[in-house]
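Descriptive structure summary
Now for the letters of each chain:
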Amino acid sequence: MEDETGPRVRPMERPARPRGSLADAAYAALKASILESLLPPGEEATEQAIADQLGMSRTPVHEAVLRLQHEGFLRVLPRRGVRVLPIDPLDLRETYDVLIALEGAAAALLAGRGAAGGAALEAMAAATAAMDRALAAGDRKGWAAADDRFHRVLLEGGGNAKLARLAQTAADQAQRARSATASRRPDPLASSAEHAAILAALRAAEAEAARAAVAAHRRRASEEILRVLGAMPG
């Protein structure tokens, strides 16, 4: 439930144009707050309280809330506001199945792009290096941001914009689960090595090896999260 200070919503960037852009800005701020667990599973808030914190009217907030409900992050509560949905282990397992399939397809496409995919590989390597630096500094939030960059670049690097869009909601759901369980999981020491295996397959232009490396990485991560949620044996 919201406390006396209201919901904890990340400040939004002010759009240059009103109306639709305000709804997009509200959507981005609310979604980031959910993914980073500023609005954790089970949190409730009124649309007016959210609008007050963002400094806008309820209309763009309501539009943003409907989008997030469609994506499976929120539920609108009649006459009460909204509730951030809990993380359901079965739904999360199915989400990872979708993500593994789509991200693996993006990796196979990227492996076949040759020099055209070079910038993506450099960005993914830089993100992995940033993960290592953040982990050494004990900065789990920085680590998570760099890890998210790695996977976003991978999806976009495949060159299929529709595939990337379809995969992004699943990737966001996975990011929310990682954020919500971060304090109950050990340091993510395996991720950098798994990213290196993905990059090695991509640089060698081995599409199926890249697909398999992505699947192994995401499957290991999902099993770790599901164990924390009590959905798998320890």
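Relevant structure appears above.
In this text the structure is predicted, and so the values were computed from the model without any measurement. (Residues numbered from 1 in each chain as written. Predicted model: local features only at pLDDT ≥ 70, side-chain atom pairs only at ≥ 80, totals over all residues. Heavy atoms only, no water.)

Brief notes about the overall build of the chain
Helix and strand counts for the chain come out as nine helices and three strands. Order of helices (α) and strands (β) in the chain, N terminus to C terminus: α-β-α-α-β-β-α-α-α-α-α-α. Taken along its principal axes, the extent of the C-alpha atoms in the chain is 55 × 45 × 35 Å. Here the chain holds 234 residues, and 45% of them are scored as buried. Taking the contacts inside the chain whose residues are at least 6 apart along the sequence as the reference set, 73% of them involve residues at least 24 apart. With an accessible surface of roughly 11400 Å², the chain has 55% of that area assigned to carbon and sulfur atoms. (Helix = DSSP H or I, 4+ residues; strand = E, 2+ residues; numbered from the N terminus. Buried < 20%, exposed > 50% of the residue type's maximum accessible area, 1.4 Å probe, protein only. Contact = heavy atoms within 4.5 Å. Areas by Shrake-Rupley, 256 points an atom, 1.4 Å probe, with all protein chains shown as cover.)

As for the packing of helix 4 (residues 89-111) against helix 6 (residues 140-157)
The contact between helix 4 and helix 6 brings their axes to 7 Å, and the two run at 60°. Here the hand of the crossing between helix 4 and helix 6 comes out left-handed. Each of Glu103, Ala106, Ala107 and Leu110 in helix 4 lies in contact with helix 6, whose residues at this interface are His151, Leu154, Leu155 and Gly157. Here the residues of the contact of helix 4 with helix 6 are counted per class, giving five nonpolar, two polar and one charged. (Axes fitted to C-alpha atoms, helices over the stretch in contact; angles between N-to-C directions. Left-handed = near helix turned anticlockwise from the far one by under 90°. Nonpolar A, V, L, I, M, F, W, Y, C, P; charged D, E, K, R; others polar.)

Quick notes on unusual backbone geometry
Phi is positive for Arg79, which is not a glycine, with a value near 65°. Secondary-structure assignment places Arg79 in the loop between strand 2 (74-77) and strand 3 (81-84). Relative accessible area serves as the criterion here: at 85%, Arg79 is assigned to the exposed category. Look at Ala205: it is not a glycine, yet its phi comes out positive at around 60°. Inspection of the secondary structure puts Ala205 in the loop between helix 8 (191-203) and helix 9 (207-228).

A closer look at the environment of Glu208
Its location among the elements puts Glu208 in helix 9. The exposure class of Glu208 is exposed, given its relative accessible area of 51%. Measuring from C-alpha to C-alpha, the distance between Glu208 and Ile34 comes to 34 Å, with 174 residues separating the pair along the chain. A distance of 3.2 Å separates the side chain of Glu208 from the side chain of Arg211, its partner in a polar contact. (Polar contact = N/O pair within 3.5 Å; in protein donor to acceptor, adjacent residues only side chain to side chain.)

Quick word on the pattern of salt bridges
Scanning the model with the defined rule gives 16 salt bridges in all. Its salt-bridge partner being Glu103, residue Arg218 comes within 2.9 Å of it at the nearest N-O pair. Here Arg218 is found in helix 9, whereas its partner Glu103 is found in helix 4, with 115 residues between them in sequence. On the accessibility criterion, Arg218 (3% relative accessible area) is buried. Taking the relative accessible area as the measure of exposure, Glu103 reaches 0% and is therefore buried. (Salt bridge = Lys/Arg side-chain N within 4 Å of Asp/Glu carboxyl O.)

What about helix 8?
Spanning 13 residues, helix 8 covers 18 Å between terminal C-alpha atoms, matching the ideal 18 Å at 1.5 Å per step. The set of residues buried in helix 8 consists of Ser191, Ser192, Glu194, His195, Ile198, Leu199, Ala201 and Leu202. If you follow the buried residues of helix 8, they end up packed against helix 4, helix 5 (118-136), helix 6 and helix 9. Backbone geometry just downstream of helix 8 places Ala205 in the positive-phi region, at approximately 60°. (Expected span 1.5 Å × (residues − 1).)

Examining the side chain of Gln173
Position of Gln173 relative to the elements: it lies in helix 7 (residues 161-181). On the basis of relative accessibility, which here comes to 12%, the residue Gln173 falls in the buried class. Leave out the neighbours within four places in its chain, and Gln173 touches Glu71, Gly72, Phe73, Leu92 and Thr95.

Note that all results are geometric; they support no functional claim without further evidence.
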